[in-house]
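# A closer look at the structure
Chain residues, written in single-letter form:
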Amino acid sequence: MAESRVAPDRPTVFVLSGGGNQAVSQVGMLRALFERGIVPDVVIGTSAGALNGAVVAHRPTMDAVDHLEGVWQSIQGKEIFPGNRVTRAWNVLRRGTSLMPSDGLAQLIDTVSTARTFADLAVPLRVVTCDLTSGSEVVFCRGPLAPPLLASAALPGVFPPVPYAGRLLVDGGVVNSVPISHAAAGKPARIFVCNVSGGGRPMHRAPRSPLDVVMRSFSIARNQRFQLELAHLRHTAEVTILPRPTDDRDLLDFSDAHRLIDEAYRMATGVLEHRQPVETMQRPHRRRVPWRRRTAA
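Quick notes on the rules
Residues numbered from 1 in each chain as written. Predicted model: local features only at pLDDT ≥ 70, side-chain atom pairs only at ≥ 80, totals over all residues. Heavy atoms only, no water. Buried < 20%, exposed > 50% of the residue type's maximum accessible area, 1.4 Å probe, protein only. Helix = DSSP H or I, 4+ residues; strand = E, 2+ residues; numbered from the N terminus. Phe/Tyr/Trp six-rings, centres within 6.5 Å; stacked < 30°, edge-to-face > 60°. pLDDT = per-residue confidence, 0-100. Contact = heavy atoms within 4.5 Å. Expected span 1.5 Å × (residues − 1). Arc of directions from axis to C-beta. Salt bridge = Lys/Arg side-chain N within 4 Å of Asp/Glu carboxyl O.

## Notes on helix α2 (residues 48–58)
Most of α2 is tucked away: 10 of the 11 residues are buried. Every buried residue of α2 is listed here: A48, G49, A50, L51, N52, G53, A54, V55, V56 and A57.

Here it is in structure tokens:
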């Protein structure tokens, strides 16, 4: 049964976490949401979640989800992560700033959506990045779309930092992998969280590479912030967290997309069918100390 759009005074917000190749599962989550007529008024994304979010914000329809599914099923790891162990080791020895170039990632961003600026989008999008120099969280909501998306997915050490808007930017997941805090910036809302970062769940296999160790360590650290912000938001908004399937692939592996999308869809469907609406409470009249962040003009 389709669910009607909520009134403007209670916006629907989609929050899409970072997670690299694991963001494929967000496609199944989005399919379950759109099937029920749950359409975003605002989309907030980090890293690969920002890329998925840009497609949905441009065309908030099931057609966009179909397009995303096709994109994820066609991605080849060697296109995004070119080279081999020898070339990556050479990049380290020559004191480069990354293991590999981001040309493949930039090409993916350029082809996945026809939107070129934030103004082209049908619904507002917030893209989270990190200023490598200051350590600040920088959120983009206007201007060209490609540079913030590239920066938001520029995993430190793996891809080079992105110079843009007078800053040196890297993956937004460094500071805010699940950017749920931005969903609380306006009116009390109902929030759907597509979190695939996985920091709160145990690994089902031993790390296979240094990148595995780095990714797992980051996800554990970032999950602490998410849990703190979630505890606060449960008193001010209706929050639904969609579960993610177990994904034991390493960072460079983009196989098995169809199975992961289907499994994420089934899991999300189960949650949404049994979701009990919760009355939004008024925001407490106490002063909050916000996380240190800046919103780019």
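## Considering the packing of aromatic side chains
In total, this model carries 4 aromatic pairs according to the counting rule given. A ring pair is formed by F14 and F34, whose centres lie 6.1 Å apart and whose planes are at 80°; its orientation type is edge-to-face. Linking F14 in strand β1 (residues 12–16) with F34 in helix α1 (residues 25–35), this pair joins segments that are 20 residues apart in sequence. Both residues of the pair, F14 and F34, belong to the buried class. Consider the rings of W72 and F254, whose centres lie 6.2 Å apart with planes at 25°: the pair is stacked. Here W72, found in helix α3 (residues 62–74), pairs with F254, found in the loop between β8 (238–242) and α10 (257–273); they are 182 residues apart in sequence, far enough to count as distant. In this pair, the class of W72 matches that of F254, namely buried.

## Let's talk about the confidence of the model for the protein chain
Put simply, the protein chain has an average pLDDT of 82, and 76% of its residues get 70 or more. The secondary-structure element of the protein chain with the lowest mean pLDDT is strand β9 (residues 293–295), recorded at 47, while α1 shows the highest, at 98. Across residues 1–7 the pLDDT falls below 50, and counting only partners more than four positions away or on other chains, this stretch makes 17 contacts in the model. The low-confidence segment residues 277–294, where pLDDT is below 50, has 38 contacts with residues more than four positions distant or belonging to other chains.

## Re α10
Taking 1.5 Å as the rise per residue, α10 with 17 residues should run 24 Å; its terminal C-alpha atoms sit 24 Å apart, in good agreement. Turning to α10, its buried residues number three or more, namely A257, L260, I261, A264, A268, T269 and L272. Viewed along the axis of α10, the buried residues span an arc of 165°, placing them on a single side of the element. Along α10, the residues that are exposed and aim more than 90 degrees away from the buried face are R266 and E273.

## A few points about the pattern of salt bridges
Summed over the entire model, instances satisfying the criterion amount to 10 salt bridges. Notably, a salt bridge pairs E35 with R36, separated by 3.6 Å at the nearest N-O pair. Residue classification places R36 among the buried positions, given a relative accessible area of 14%. The partner of R259 in a salt bridge is D256, with the nearest N and O atoms 2.6 Å apart.

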